[in-house]
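# Descriptive analysis of the structure
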Number of protein chains: 4
Amino acid sequence: MKHDSWKIGEHTLTSRIFLGTGRFPNPFIQNEVIAASGSEVLTFAVRRVNTEAPEEDAILQHLGDRTLHYLPNTSGATNANEAIRIARLARASGLSNWIKVEISVQDETLLPDPIETLKATEQLASEGFTVFPYTSDDPVLAKRLEEAGAAAVMPGGSPIGTGLGILNPYNIERICTSLTVPVIVDAGIGTASDATKAMELGAQAVLINTAIAKAKDPVRMATAMRYAVEAGLLAKKAGRIQERMYATESSPTLGKVH
Amino acid sequence: MKHDSWKIGEHTLTSRIFLGTGRFPNPFIQNEVIAASGSEVLTFAVRRVNTEAPEEDAILQHLGDRTLHYLPNTSGATNANEAIRIARLARASGLSNWIKVEISVQDETLLPDPIETLKATEQLASEGFTVFPYTSDDPVLAKRLEEAGAAAVMPGGSPIGTGLGILNPYNIERICTSLTVPVIVDAGIGTASDATKAMELGAQAVLINTAIAKAKDPVRMATAMRYAVEAGLLAKKAGRIQERMYATESSPTLGKVH
Amino acid sequence: MKHDSWKIGEHTLTSRIFLGTGRFPNPFIQNEVIAASGSEVLTFAVRRVNTEAPEEDAILQHLGDRTLHYLPNTSGATNANEAIRIARLARASGLSNWIKVEISVQDETLLPDPIETLKATEQLASEGFTVFPYTSDDPVLAKRLEEAGAAAVMPGGSPIGTGLGILNPYNIERICTSLTVPVIVDAGIGTASDATKAMELGAQAVLINTAIAKAKDPVRMATAMRYAVEAGLLAKKAGRIQERMYATESSPTLGKVH
Amino acid sequence: MKHDSWKIGEHTLTSRIFLGTGRFPNPFIQNEVIAASGSEVLTFAVRRVNTEAPEEDAILQHLGDRTLHYLPNTSGATNANEAIRIARLARASGLSNWIKVEISVQDETLLPDPIETLKATEQLASEGFTVFPYTSDDPVLAKRLEEAGAAAVMPGGSPIGTGLGILNPYNIERICTSLTVPVIVDAGIGTASDATKAMELGAQAVLINTAIAKAKDPVRMATAMRYAVEAGLLAKKAGRIQERMYATESSPTLGKVH
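Report follows, based on the coordinates. On a predicted model such as this, the values are computed, not experimentally measured, just so you know.

### Some remarks on the relation of the copies chain A and chain B
The transformation that overlays chain A on chain B combines an axial shift of 0.0 Å with a rotation of 180°, and the residual RMSD is 0.0 Å. On this basis, the relationship between the two copies can be described by a two-fold rotation axis. A shared binding surface is used by both copies, with 100% of the interface residues of chain A retained as interface residues in chain B.

What follows is the structure in structure tokens.
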């Protein structure tokens, strides 16, 4: 597979998979998954990492040799101030200038708080962070996050860990067509076709964690996801046929909502 | 990509794509598409081929060097007798022992006739053909076709040429779990995620024609489809996570109908 | 509610609900449900009724005073001959000239057998029965059943008792537009909106059993269903707005597949 | 139909339909629609009404005799301040203490701005208004609006005027179960089954405008909608059956996402 490259700020990436690290059975499987998925970006919760001495951290040291981008996230934060504090801590420890803003007050769903997420994004962008806000699929909010300085916007397909896929393709497609920064579908991906679909809707990448980490065979699922995003990206570029009610010439084309 | 192999009768295949040949802009693009898709099986209407001298036929001679399986189809037939006659003609001309039974009385939709399809399948199987009936997604009919001697059963995802994808995943999944011969989803595939989905539902392969031939960039779409079926096959084998209402431990798993 | 009337053969009906009788907690609730739903047609399995002396049968005697149409069904039959025998038995006992053909070889799903159903429909129509075949949503098969003399065709929305609603609205709509006899959506209705949808797709009526009989409050659900079919029927006649991508004038209308 | 009553603040309502007034062919049809729908609440854009002398206004004077609640809306506002100004104007002219907050910066979709909507809701609630914010289906934002003092929350099913129905039933159901104030599904309703569905998901009412005003027969569609909401409300209360993969006893129940 020859991947087209794409950009986050000044960084050039080729892989379309951001990989969550939270739920793997062990670090060895995680490493195999990283290889199989081809992922170049790993996200992890700052609170789970030893920020005093990141080079000694159990999660990170297994990743030492690869050229991976770290995307620390603020999960656990319940408001903008907490998220900002966590972001500064991550940067101070030398982990990364990138930060995924993840703010939730709902323990049950971990759905993001729109107001606090926007506030944190604004502040962190103004401090020079490369900010990746995790957000709902509200198209107006997504636009607002871009205007606030987000380097990419990460709408959820469905709540974290549910595997319900993309509940509202209309909104995801709308976000992808109206933003100029990359859109990364985050949360809810359950299987390969969800990832393919996300790319067909116009996403630049997907973030996957549970769907790989908790699959019966995580490494094989990681490979599946690598093909899946590639398939969706190519299909989007290839220009799919329009839906029709019937195949006959006289049949009207359909503008189906996917 | 290392593909697992699978079997149709005594033939071993590795590709999961059957390619329709009816609608390509020209034979050169068709050849590039064959290469890009990795397809090993080409289907074509017998009535479109010069069965008197197949080696001189414009469609077939471009394919001369490759080791491809030909799957002639009976499209144009409106009843079992016509289909049987076409099948015998194809075999007599040395094209193939394989035959795709395609019988329709509805010009608008080209939906298959269940009764005549079953009749033709029975007869042709008894004559030693390797029979691939194109059928609706009726699970009982699919089982009947298997019992009648079909080497594989080809339920439509949606009507030919519509690109509407898989209208009834429940039925396709039911067919895949209750048959022992391979299931090949035929008709209706519109884009890559449809192909991925078909494989996740348990299909052994997909037949694609319009979605590739009429895409803006057929060769790129052919590549997309190759990745798409691979992604779906691997995801199926990897064992996807169960859907949950929420990610929290107490949340019940969902047996969602896909 | 003033209902428009419709016809099955020479009988004029006003209600749009056919009621199954198999699963009610007791005959008294069943009677209340009949009243609340406004149903004029009751279906029941002939094998469950005392055909020797139907006037003494526990199921039927509770219904004595109302002007209800009985629609005996052949459930339990596994082939055409059995169904034909049951139909003749029902007629001989004076129950009804109407017969719902229900033939299944799959105990798990009770999905109808297309071949045997068509055979029984042909035979029984030729014997002067008013035949209501329960069938899959295969549009070609539905047309075949009409041609074989069915007085109405009853495609399933989803398998009996599942409550999964209408799995393939495309097929149901196609059947409704291509048949001239009434279409009655049978099986799979789970809640009110499924019934509304069935009528919007063009059905003349719905058959409901489990969704009412096994609801927590069957009588209230029966009332809900009465409103639901009326809502769907009126909406269909009122001519719904077309879907649009956006509301603005320039936005193209969508021919969404429902 | 005997409707159960419900409450908005101290007002008791029986109808479940809020009616938009913007798009009717003429006031006479509008009046017939009001009667047919049974609606008790009319919403209209303040900018379209003569607030200097509302009793002489062309829209309102046709409604003079009925006991209707007026729900002025702030459509046209692009930020909180404009919305607040319009609300005060409406109250000052004696129209109503109720105000529907509708703020959009996107002319194409008229999707609501989450930040400004929350700001206006907070302010207007603190000034004693009965506030009905029109919002996206973001569950966290909906909760925030309740906490800010909204008397009811009005999530959109899909963008205004599209008729696309409820794009994300999961989110609407989540909002209905997590809020204590009434939820009124606003925008996107296209036909009767959409309204039935909204009520089954737990909404207390729906707001309908285009689906009735632009139907081929608006009065008939208004009647359809009246039955539709009643059907959905009753079905919700009646306790629907659970979905199952098959009807057989051993089949697991499904927690399908609707």
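### A word on the nonpolar core
If you look at the biggest cluster of nonpolar residues, it comprises 272 residues, and the most contacted ones within it are Val 206 of chain A, Val 206 of chain B, Val 206 of chain C together with Val 206 of chain D. For Val 206 of chain C, the residues in contact, after removing those within four places along its chain, are Arg 16, Ile 17, Phe 18, Ile 184, Val 185, Ile 189, Ala 195, Ala 198, Met 199 and Val 229 of chain C.

### Let's talk about helix α1 (residues 27-37) of chain C
Those residues of α1 of chain C that fall on the buried side of the exposure criterion are Gln 30, Asn 31, Val 33, Ile 34, Ala 36 and Ser 37 of chain C. Looking at where α1 of chain C begins, the residue whose side-chain oxygen comes 2.9 Å from the main-chain nitrogen of Phe 28 of chain C is Asn 26 of chain C.

### As for the interface of chain A and chain B
At the interface, 49 residues of chain A touch 49 residues of chain B. Roughly 3,800 Å² is buried in total at the junction of chain A and chain B, and carbon and sulfur atoms are behind 64% of that figure. Taken as a group, Arg 220, Tyr 227 and Ile 241 of chain A account for 17% of the area that chain A buries against chain B, more than any other trio of residues on that side. Linking chain A with chain B are 0 salt bridges, by the criterion used here. Inspection of the chain A/chain B interface yields 16 residue pairs in polar contact (both at pLDDT 80 or more). Top contributing element to the side of chain A that touches chain B by residue count: helix α9 (residues 218-238) of chain A, with 12 residues.

### Focus: the pattern of salt bridges
Counting across every chain of the model gives 44 salt bridges over all chains. Across the pair Arg 144 of chain A and Glu 116 of chain D runs a salt bridge whose closest N-O atoms are separated by 3.4 Å. With Arg 144 of chain A in helix α5 (residues 139-147) and Glu 116 of chain D in helix α4 (residues 114-126), the pair connects residues from two separate chains. For Arg 144 of chain A, a relative accessible area of 22% gives the class partly exposed. A salt bridge links Asp 113 of chain C to Arg 144 of chain B; its shortest N-O distance comes to 3.0 Å. Of the two residues, Asp 113 of chain C sits in the loop between β6 (98-101) and α4 (114-126) while Arg 144 of chain B sits in helix α5 (residues 139-147), which places them in two different chains. Asp 113 of chain C gets classed as buried once you look at its relative accessible area, which sits at 2%. Shared partners join several salt bridges into a network, and the residues in it are Asp 113, Glu 116 and Lys 119 of chain A together with Arg 144 of chain D.

Calculation criteria
Residues numbered from 1 in each chain as written. Chains lettered and ligands numbered in written order. Predicted model: local features only at pLDDT ≥ 70, side-chain atom pairs only at ≥ 80, totals over all residues. Heavy atoms only, no water. Least-squares fit on C-alpha atoms with pLDDT ≥ 70 in both. Contact = heavy atoms within 4.5 Å. Core = buried A, V, L, I, M, F, W, Y, C linked by side-chain atoms within 4.5 Å. Buried < 20%, exposed > 50% of the residue type's maximum accessible area, 1.4 Å probe, protein only. Helix = DSSP H or I, 4+ residues; strand = E, 2+ residues; numbered from the N terminus. Polar contact = N/O pair within 3.5 Å; in protein donor to acceptor, adjacent residues only side chain to side chain. Buried area = accessible area lost by both parts, 1.4 Å probe. Salt bridge = Lys/Arg side-chain N within 4 Å of Asp/Glu carboxyl O.

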